[in-house]
Amino acid sequence: MALDVRGASLTALAAGVAARTWKSRDLVEAYLERIAQLDQKLGCFLLIDSDGARKKADAIDKKIAAGKSVGPLGGVPIGLKDIFVTRGIETTAGSKILKGFIPPYESTASTRLAAAGAISLGKLNMDEFAMGSSNENSAFHPVHNPWDLERVPGGSSGGSAAAVAASLCAGTLGTDTGGSIRQPASLCGVVGVKPTYGRVSRYGVIAFASSLDHPGPFGRTVEDAAALLEVIAGHDPMDSTSIPQPAGRYRQASKAGLGGMRVGVPKEYFQAGMDPEVEAAVRAALDELVRAGATLVPVSLPHTQYAIATYYLICTAEASSNLARYDGVRYGHRTSEAGSLEELYAKTRGEGFGNEPKRRIILGTYVLRAGYYEAYYGKALRVRRLIANDFTAAFSQCDVLATPTSPTPAFKIGERSADPLQMYLADIYTVAPPLAGVPALSQCCGFTRSGLPIGLQTIGPPLGEEAVFRVAGAYEARTDWHKRLPEDKS
Amino acid sequence: MSRDKYEAVIGLEVHVQLATRTKIFSISSAAFGAEPNEHTDPVCLGLPGALPVLNREAVESAVRLGLAVGSHIRPRCRFSRKHYFYPDLPKGFQISQYDEPLCDGGVVTFRLNGEVRQIRLTRIHMEDDAGKNIHDASGVSFVDYNRAGVPLCEIVSEPDIRSADEAAEYVRAIRTLVRYLGISDGNMEEGSLRCDANVSIRPRGQTTLGTKAELKNINSFKNVRDAIEHEIARQSVLLDRGEKVVQETRLWDPDRGISASMRSKEQAHDYRYFPEPDLPPVVVDEAWLDRARKALPELPEARHARYLGTGLSAQDASVLVSERPIGDYFDAALAASPAHPKKIANWLINEVLGRVDDPRGLGGESMPVPPAALAELVDLVERGTLSGKLGKDVFGRMWQEKRRAAEIVAAESVSLMSDTAAIEEACKRVVERSPDEVARFRAGAAKVMGFFVGNVMKETGGKANPKTVNEILRKLL
């Protein structure tokens, strides 16, 4: 009989492999079976690498049998957002324009996961080029929220969040540019971490907005996410924006307790427009933190109202540049009929990109055009500095900030897809931390009456991941929300 | 001719490929001449997710160049993205420098027809090169990305250049300079030195600038001259006819010797520059600058001045300075024989340079006549041990046989007779058998002296010291 991995934690599974309680191959089979049963309805995976995963699991088991060490994540099945390039395995970033693209190299983060013994089951669905908050922008198929199949899992790392929630992987990697890890973590009731900018290498992570892209982990528990981050964080000479510091001891921090910590509550994050159930759950979470020994400090992040506008100027400008390389010349989609070079570009890109990338390329091209740089991009960079200064000022009064992650729980598929502005507001609480480059984590802090998860966001100062993990770990230790599982719907 | 009515105003953008081992942002070899796409990697191919990492050696080279022309080196500069679509541009943008280049200002100094010319620079910035499109005869196009990511320095001049000759000399001066610095091979044929020209003309005496045209694809010294000459003539004809010069980019066709419009000002690209977010600013601190300054070689202009100081002609000095190894050779020979700079220069220019294909090989191990050996030969000639003619013969044998002059002289007694008695014997024999010539000489025909000397040299097999021969003959006559 297959192992039951539903609800299992990654750290517990790794410990079991190391202790020979179960074999890595058994774990892989158990997850593959769940994927076979459930993913038809969920749509988390874009590619399942069963053979590769089985081979790697057998190799791990052989090593264990021979008494060799297999790394901190030895034998544990994980999944990668399809934005991490994987050598020899198709990588699409959720876009038709990269359909059929087989990278000749491997991202630093996935290389480090493999070196730590983790086994990738495949590539996870996402909004095209990580542009979206609902996963409806995947060029291939949407992802359904495991808590309610009618609803979105959030985005852009929707496949990564839903796969952890539905126990299709023990842990996953995603990327967060304006909330793309934390918002789906919130909507799916799992833990998602956007580390400090430069903490995790972007090498081999398909770029959306270079100065905002943050790779990070999803876990069922705070410790699971910490264990993944410990492996993927740390300096990488292949990424010039990588911070030259080793990874911290996040697992240890997640169990250290928060005694005496000051938790800042920014007033701008508790204003009109928030779903009342979300507000109630987050306020209750703050009370729980106080009971755990924290002091609440009211703080202000006065430039919060400009975060969305600033974010969309910067991310569209950078996206228009980063997506220029998809021209049909070297790899990916190329139009089958083009009479001229101009036509090759226009048709290839017209056919290959979906609406959201097109919208952002057009916006970004507009933002960067000659004579308008100062009015848009230049000004956005200056406001970005002010937003970062807000955080610096706040962290002189407190150790972490606690806020809601998303103003609403998961919304219905199709509900907002016709209204980009409404969709952009889904990120209202998550865009500022990436602009400031500060670390932030989302974890489950309750459920709506209709059974949808609600997320609590903890934000730390630059390189303050340990503080974030201490608070999140302490909260989790006192609550049971993370133990709730969505029903299997096959 | 209408040409004299107008003054040309020319500014050049010279691209220098830096001879670094690896590319500016990745680990592939930057060498020229490999099989297509052999020198590629995820970064220079612009694969999704690949990120640039700046090659410090490229910055070092650019800093050397900046220091050599007296630019201000910014303590902090940054890269920007310059966007346009073209198949040879793998990322859809070039990583260049825009508002914060590495070097501001500077001056390139050279000589044109003996006159010192100084062309001011606007800036020097770093960027990555594009690949190369190759168009098959059948109509199929290929792209070779070996060149993509090779480091470039773009040297932008002020519009200080006034003629096609001056432009060509300016480019030549840059080539000499980058070769002196060892940062590029400066080879125009292989594309490691490329040039775009902004050309306008105006009636002589007018101070405002005329409308300029930008010329592209001028890739040899001859093309620099021809393309600019042609452009000046083209614009002169337009103005003479009362027409206007259109601001545009023109492509030079070296085969047909004409240029054609490539795009007008209205069609000019909007490059949408913005700071490259994948690269932090480049910081060049004082310590780095100090090290780089100390490591600079003697530069061509300083060397030229030093050579003039030793009494060399401007022409000889120019030849010696034209390539660093020639000057190095000269200096080494001069160190061994400090008394005869002019003679060493002559021997080097006429004999040594006449025998080498590429003077850049002068410093090589395989050099048959090293500088000290040339100095030795010059000394032998200047001491009178060898005549000029004999010296040339000996040099030929030194080159062929890789032997030193003293060795050849000693082994084969090719030195001049210093035995005065023997020379006197020979002189007497010649005088005795030439009574007519003696009479003519004594009657005042001084020219006849040549006849006597020549015959004595014949008698002695060319080994008599001409000075001694002259003295003895005068005594006898």
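In this report, we go over the structure that sits alongside the text. Keep in mind the model is a prediction, meaning the values are calculated, not measured. (Residues numbered from 1 in each chain as written. Chains lettered and ligands numbered in written order. Predicted model: local features only at pLDDT ≥ 70, side-chain atom pairs only at ≥ 80, totals over all residues. Heavy atoms only, no water.)

**Quick look at the overall build of chain B**
Rules: Strands here are runs of E lasting at least two residues and helices are runs of H or I lasting at least four, both read from the DSSP assignment and numbered beginning at the N terminus. Radius of gyration: C-alpha atoms only; globule rule: 2.2 Å multiplied by the number of residues to the exponent 0.38. Each residue is placed in one exposure class: buried if its accessible area under a 1.4 Å probe, protein chains only, is under 20% of its type's maximum, exposed if it is over 50%, and partly exposed if it falls in between. The criterion used for residue contact is that any of the two residues' heavy atoms lie within 4.5 Å. By the counting rule applied here, Lys and Arg register as positive and Asp and Glu as negative, while His and the ends of each chain are not counted. Charged side chains are reduced to one point each, which is NZ for Lys, CZ for Arg, CG for Asp and CD for Glu.
Scanning chain B from N- to C-terminus turns up 15 helices and 17 strands. Over its C-alpha atoms chain B spans a radius of gyration of 30 Å, topping by over 25% the 23 Å that the globule rule assigns to 477 residues. With respect to the principal axes defined by its C-alpha atoms, chain B has extents near 95 × 55 × 55 Å. The 477 residues of chain B split such that 53% are buried. In chain B, 69% of the contacts between residues at least 6 apart in sequence involve partners at least 24 apart. Each charge class in chain B can be summarised by its mean position, and for the 65 positive and 69 negative side chains these summaries are 4 Å apart.

**Side note on the packing of helix H8 (residues 341-352) of chain B against helix H10 (residues 388-401) of chain B**
Residue and element names in this part refer to chain B. Rules: For helices, the fitted line uses only the C-alpha atoms of the stretch in contact; every axis is such a line through C-alpha atoms, and the angle between N-to-C directions lies from 0 to 180 degrees. Here the word oblique covers every angle except those under 35 degrees (roughly parallel), over 145 (roughly antiparallel) and from 65 to 115 (roughly perpendicular). Helix crossings get a hand from a simple test, with the near helix turned counterclockwise from the far one by less than a right angle marking a left-handed crossing and a clockwise turn marking a right-handed one. Put simply, Ala, Val, Leu, Ile, Met, Phe, Trp, Tyr, Cys and Pro go in the nonpolar bin, Asp, Glu, Lys and Arg in the charged bin, and everything else, Gly too, in the polar bin.
Between H8 and H10, the shortest axis-to-axis distance is 12 Å and the interhelical angle comes to 55°. Considering their axes alone, H8 and H10 lie oblique with respect to each other. Regarding H8 and H10, the two cross each other, and that crossing is right-handed. Across the interface between the two elements, Trp-347, Glu-351 and Val-352 from H8 touch Gly-388, Gly-391, Lys-392, Phe-395 and Trp-399 from H10. Of the residues that constitute the contact of H8 with H10, the class distribution is 4 nonpolar, 2 polar and 2 charged.

**Thoughts on the pairing of strand S3 (residues 119-124) of chain A**
All names here are of chain A. Put simply, the rule reads: Between any two strands, pairing holds if DSSP finds at least two bridges. The handedness rule is simple: strands pointing away from the viewer, and a clockwise path from the first strand over the helix to the second, make the crossover right-handed.
Of all 6 residues in S3, 6 are buried, a share of seventy percent or more. Pairing analysis gives 3 bridges linking strand S1 (residues 45-48) to S3, with the strands arranged antiparallel. Residue pairing in the sheet places Phe-45 in a bridge with Leu-124 of S3. A crossover connection joins strand S2 (residues 77-81) to the parallel S3 through helix H4 (residues 108-115); in handedness this β-α-β unit is right-handed.

**Topic: the sheet that holds strand S4 (residues 171-176) of chain A**
Residues and elements named next belong to chain A. One open sheet accounts for 11 strands, arranged S1-S3-S2-S4-S6-S5-S10-S11-S9-S7-S8; its pairing is mixed. Strands at the two margins of the open sheet, each flanked by one partner only, are S1 and strand S8 (295-299). Neighbouring strand axes in the sheet, compared pairwise and without regard to direction, differ in orientation by 30° on average. Two strands pair when backbone bridges link them, and strand S7 (residues 262-266) and S8 are joined in this way by 5 bridges, in the parallel orientation. Within the sheet, the bridge partner assigned to Val-265 lies in S8 and is Pro-298. Seen against the sheet, helix H3 (residues 50-65) touches S1 and S3 and runs at an angle of roughly 160° to S3. Along the sheet, helix H5 (residues 158-165) makes contact with S2, S3, S4 and strand S6 (214-219), crossing S4 at roughly 155°.

**Quick notes on the state of the cysteines**
Stated formally: Sulfur atoms of two cysteines make up a disulfide when they are within 2.5 Å.
Applying the stated criterion across every chain yields a total of 0 disulfides over all chains. This cysteine, Cys-445 of chain A, is not joined by any disulfide, and Cys-444 of chain A carries the nearest cysteine sulfur, 6.4 Å off.

Any link to function would need more than the numbers given here.
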